[in-house]
Amino acid sequence: MMTDNEKTTSMAMDDANLLVATLPVTLQTALNGMGLEELVEVVMDLGRPAEARFPGSVVPLSTHPVNHDDIAHTLALVGDFTADNRAGIERTLHRISAIRNRKGKIIGMTIRVGRAIYGTIEILRDLIETGDNLLFVGRPGVGKTTKLREVARVLADEMHKRVIVIDTSNEIAGDGDIPHPGIGSARRMQVPRPDRQHAVMIEAVENHMPEVIIVDEIGTEAEAAAARTIAERGVQLIGTAHGNSLENLIMNPTLSDLVGGVQTVTLGDEEARRRGTTKTVSERKAPPTFEILIEMASRDEVSIHRDTARAVDTILRGLLPHCERRILAADGQIEVKDHQPRRNMQREKTVASPELSLSSALPPAHPARLYLHGVKKDLIERAARELGLSLRTVVKPQKADIIIALRSRGKNQGLEEISRISDAPVHRIKRNTTSEIRRMLQRVFNIVPGVEDNEIQKTLQETTLAIEQVMEEGVEVALPPRRSALRKIQHRLITDRGLESTSIGCEPQRHLVVHPIRD
């Protein structure tokens, strides 16, 4: 009996060969000599040489430009193009997307390889078995549709549920009238036009008595309303939505109903004082359509909000919710990590514990929110990628965890107003350069190149305990010896708490002594 990996490899190679067979003979010969295991897509544009795209590389398939005959050859061997300019190859997951000229004639194609991957659902099997509604979010290309396909197969074949897949672009179950084996014995309903997806969702419930409905790319208000209708009828709903995170959905007026919706409420004076907020606050409007929300970082790494309602309420209060992070290792083992929320930086400027602050040595469970004042967003994103940090920018300083400002603009009225309405700490840089921003982020997040994260975390913990002892007892406390880069972190943390420190001794025994405040 074949393993999941062997099934995946065998089916992928069979499907890839069917894709190659639709290409002109010269392109087939070139591709067969390269190996198809990692092929992502083939691009054919009139008047240019065809290209094969692999992860991290693009390989020309010919020195001769694509002509009308080459495009006609491929068009004759693939399915019909629908209103969204997509076609497929029958009983495969491949997607052919057309580029047309102003007269509607096809002059280019992107022929994307689709693969069914078995075994990817083990990381989430316990959640699927609960019967709760599950919503997947994440950036394009992380494997959301692949997950849905495997969920359909497992629910239909292993759990013996009545499953219907709503297949708008034939990406889940492939082209043609017979579904791809990747969805197992689940049934598939095709959607004639993208704007009819919501109607087909309702039709599936009313006509075919499913126990589970699976739908990809919920993206309109009508589809969100249809999803709520399905959930209220007791059918398990599993789907994907546009957005990278739960916070994206909350801020999206079109799709926020999927997680309960948001309404503005005016509080009385006494209630506002009790909550410590303004009189006008945002609250969740209704129970979420999806009880569990899964943020996909990659096919093998997810963050799980087990209680969507509680997570939404937490975010609307200006805090970050608890979530569970899971990683599927190469050997099939699943590593589970519980992420505690960070402190609300708008309410609490004094950091009592490094594990709960933006000064943690490890990147936070949720992206830290940055407001940029005169600083280039693309440089921030580049530096964050180099450091492995998860960051996102916001347009309102009230929602920021950190404000980053260009020093030349540091004294203008705009920054003073921003500082007045936001309690987020302000960090200034001298120049708009990647190196300057990288150094600033290293300071803020206590990142030391070449030093293990657990060593940094241990240093932060022992420094915090020493600070607390000095402040409570008024005595000097000597810290254990640490390398120079870690002592700099200790100095900053001690100074931030209004204390003083001195560095004494010789390497490798050089260490800091924390002094109480002198009168």
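Residues numbered from 1 in each chain as written. Predicted model: local features only at pLDDT ≥ 70, side-chain atom pairs only at ≥ 80, totals over all residues. Heavy atoms only, no water.

## As for the overall build of the protein
Thought 1: A count of helical and extended segments in the protein gives 15 helices and 24 strands.
Thought 2: Of all 519 residues assigned to the protein, the portion counted as buried reaches 46%.
Thought 3: Just so you have it, the protein exposes about 25,900 Å², and 48% of that area is on carbon and sulfur atoms. (Helix = DSSP H or I, 4+ residues; strand = E, 2+ residues; numbered from the N terminus. Buried < 20%, exposed > 50% of the residue type's maximum accessible area, 1.4 Å probe, protein only. Areas by Shrake-Rupley, 256 points an atom, 1.4 Å probe, with all protein chains shown as cover.)

## Focus: the sheet that holds strand β2 (residues 51-54)
Thought 1: In space, the six strands of this open sheet follow the order β3-β2-β1-β6-β5-β4, with antiparallel pairing throughout. Two strands in the sheet have a free side with no partner beyond their single neighbour: β3 (57-60) and β4 (86-88). Strand-to-strand twist in this sheet, taken as the mean axis angle between neighbours without regard to direction, amounts to 25 degrees.
Thought 2: In this structure, strand β5 (residues 95-100) lies alongside strand β6 (residues 106-112), joined through six bridges in antiparallel fashion. The residue of β6 that forms the bridge with I96 is I111.
Thought 3: Its contacts with the sheet place helix α3 (residues 68-75) against β1 (41-45) and β6, and it is angled at close to 50 degrees to β6. (Pairing = 2+ DSSP bridges. Axes fitted to C-alpha atoms, helices over the stretch in contact; angles between N-to-C directions. Contact = heavy atoms within 4.5 Å.)

## Here we look at the sheet that holds strand β23 (residues 500-504)
Thought 1: As summarised here, the arrangement of the three strands in space is β22-β24-β23, forming an open sheet in which the pairing is antiparallel. The sheet is open, and its two borders are formed by β22 (477-478) and β23, each paired with just one other strand.
Thought 2: The pairing of β22 with strand β24 (residues 511-515) spans two bridges and is classified as antiparallel. Following the sheet pairing, A478 is matched in β24 by V513.
Thought 3: The strands that helix α15 (residues 484-496) touches are β23 and β24; relative to β24, the one it contacts most, it runs at about 5 degrees.

## Brief notes about the nonpolar core
Thought 1: One finds L135, I166, I213, L246, L249 and L258 to be the most contacted residues of the largest nonpolar core, which totals 32 residues.
Thought 2: At the level of secondary structure, the elements contributing two or more residues to this core comprise β7 (134-137), β8 (163-167), α6 (197-208), β10 (212-218), α7 (221-232), β11 (236-241), α8 (246-251) and α10 (308-316).
Thought 3: With five residues, the single largest contributor to this core is α6.
Thought 4: The contact partners of I166, leaving out residues within four places of it in the chain, are I172, M189, V191, Q197, V200, M201, A204, I213, I214, V215 and D216.
Thought 5: Residues I121, A156, I214 and I304 belong to the second largest nonpolar core, which totals 29 residues. (Core = buried A, V, L, I, M, F, W, Y, C linked by side-chain atoms within 4.5 Å.)

## Focus: the environment of P55
Thought 1: Note on placement: P55 falls in the loop between β2 and β3.
Thought 2: With 17 residues separating them in the primary sequence, P55 and E38 have C-alpha atoms 7.0 Å apart.
Thought 3: Ignoring anything within four residues of it in the chain, the contact list for P55 reads E38 and V40.

## Considerations on the packing of aromatic side chains
Thought 1: For the structure shown, the criterion picks out zero aromatic pairs.
Thought 2: Of note, R100 hangs over the ring of F81, and the distance from its end group to the ring centre comes to 6.0 Å. (Phe/Tyr/Trp six-rings, centres within 6.5 Å; stacked < 30°, edge-to-face > 60°. Lys NZ or Arg CZ within 6 Å of the ring centre and 35° of its normal.)

## A few points about α7
Thought 1: For α7, which comprises twelve residues, the first-to-last C-alpha distance of 17 Å matches the rise-based estimate of 16 Å (1.5 Å per residue) to within 8%.
Thought 2: Burial in α7 covers these residues: E223, A224, A226, A227, R228 and I230.
Thought 3: Where α7 is buried, its residues contact α6, β10 and β11. (Expected span 1.5 Å × (residues − 1).)

## Concerning the pairing of β23
Thought 1: As paired strands, β23 and β24 are joined by five bridges and run antiparallel to one another. For S503, the partnering residue across the bridge sits in β24 and is L512.
Thought 2: The turn joining β23 and β24, which pair antiparallel and follow one another in sequence, is formed by six residues; a positive phi near 90 degrees is taken by G505.

## As for the side chain of T308
Thought 1: Residue position: T308 is located in helix α10.
Thought 2: Separated by 3.0 Å, the side chain of T308 and the backbone oxygen of F290 make a polar contact.
Thought 3: Leave out the neighbours within four places in its chain, and T308 touches L246, V259, P288, F290, E291, I292 and L293. (Polar contact = N/O pair within 3.5 Å; in protein donor to acceptor, adjacent residues only side chain to side chain.)

## Things to note about the pattern of salt bridges
Thought 1: Considering all chains together, one arrives at 29 salt bridges under this definition.
Thought 2: Linking R53 and E51 is a salt bridge whose minimum nitrogen-to-oxygen distance equals 3.9 Å.
Thought 3: Here E211 and R162 are joined by a salt bridge, their closest N and O atoms 3.8 Å apart. Of the two residues, E211 sits in the loop between α6 and β10 while R162 sits in the loop between α5 (144-158) and β8, which places them 49 residues apart along the sequence.
Thought 4: Here E211 falls in the partly exposed class, since its relative accessible area comes to 29%. (Salt bridge = Lys/Arg side-chain N within 4 Å of Asp/Glu carboxyl O.)

## Re the packing of α6 against α7
Thought 1: In the contact formed by α6 and α7, the axes pass within 8 Å of each other and the chain directions differ by 10 degrees. The angle between α6 and α7 falls in the class roughly parallel. Crossing hand, α6 versus α7: left-handed. Residues Q197, H198, M201, I202 and V205 of α6 lie in contact with α7, whose contacting residues are A222, E223, A226, A227, T229 and I230.
Thought 2: Within the contact of α6 with α7, the residues separate by chemical class into seven nonpolar, three polar and one charged. (Parallel < 35°, antiparallel > 145°, perpendicular 65-115°, else oblique. Left-handed = near helix turned anticlockwise from the far one by under 90°. Nonpolar A, V, L, I, M, F, W, Y, C, P; charged D, E, K, R; others polar.)

## Examining a positive patch on the surface
Thought 1: A cluster of basic side chains, namely R407, R428, K430 and R443, defines a positive patch on the protein surface.
Thought 2: With respect to the element layout, R407 can be found in the loop between β20 (402-406) and α12 (413-421).
Thought 3: Using a relative accessible area of 46% as the deciding quantity, one classes R407 as partly exposed. (Patch = residues over 30% accessible without salt bridge, like charges linked within 9 Å, V, L, I, M, F, W, Y side chains within 5 Å. Lys, Arg positive; Asp, Glu negative; His and termini not counted. Charge placed at Lys NZ, Arg CZ, Asp CG, Glu CD.)

## As for the confidence of the model for the protein
Thought 1: On average, residues of the protein score 83 in pLDDT, and 88% of them reach the 70 mark or higher.
Thought 2: In the model, residues 8-12 has pLDDT below 50 throughout and makes eight contacts with residues more than four positions away in sequence or in other chains.
Thought 3: Below a pLDDT of 50 lies the segment residues 340-365, which in the model reaches 70 contacts outside its immediate sequence neighbourhood of four places, other chains included. (pLDDT = per-residue confidence, 0-100.)

## Notes on unusual backbone geometry
Thought 1: E507 connects to P508 through a cis peptide bond whose omega is 5 degrees.
Thought 2: Along the chain, the position of P508 falls in the loop between β23 and β24.
Thought 3: Even without glycine at this site, H160 takes up a positive phi of about 55 degrees.
Thought 4: Within the secondary structure layout, H160 lies in the loop between α5 and β8.
Thought 5: Judged by its relative accessible area of 63%, H160 is exposed.

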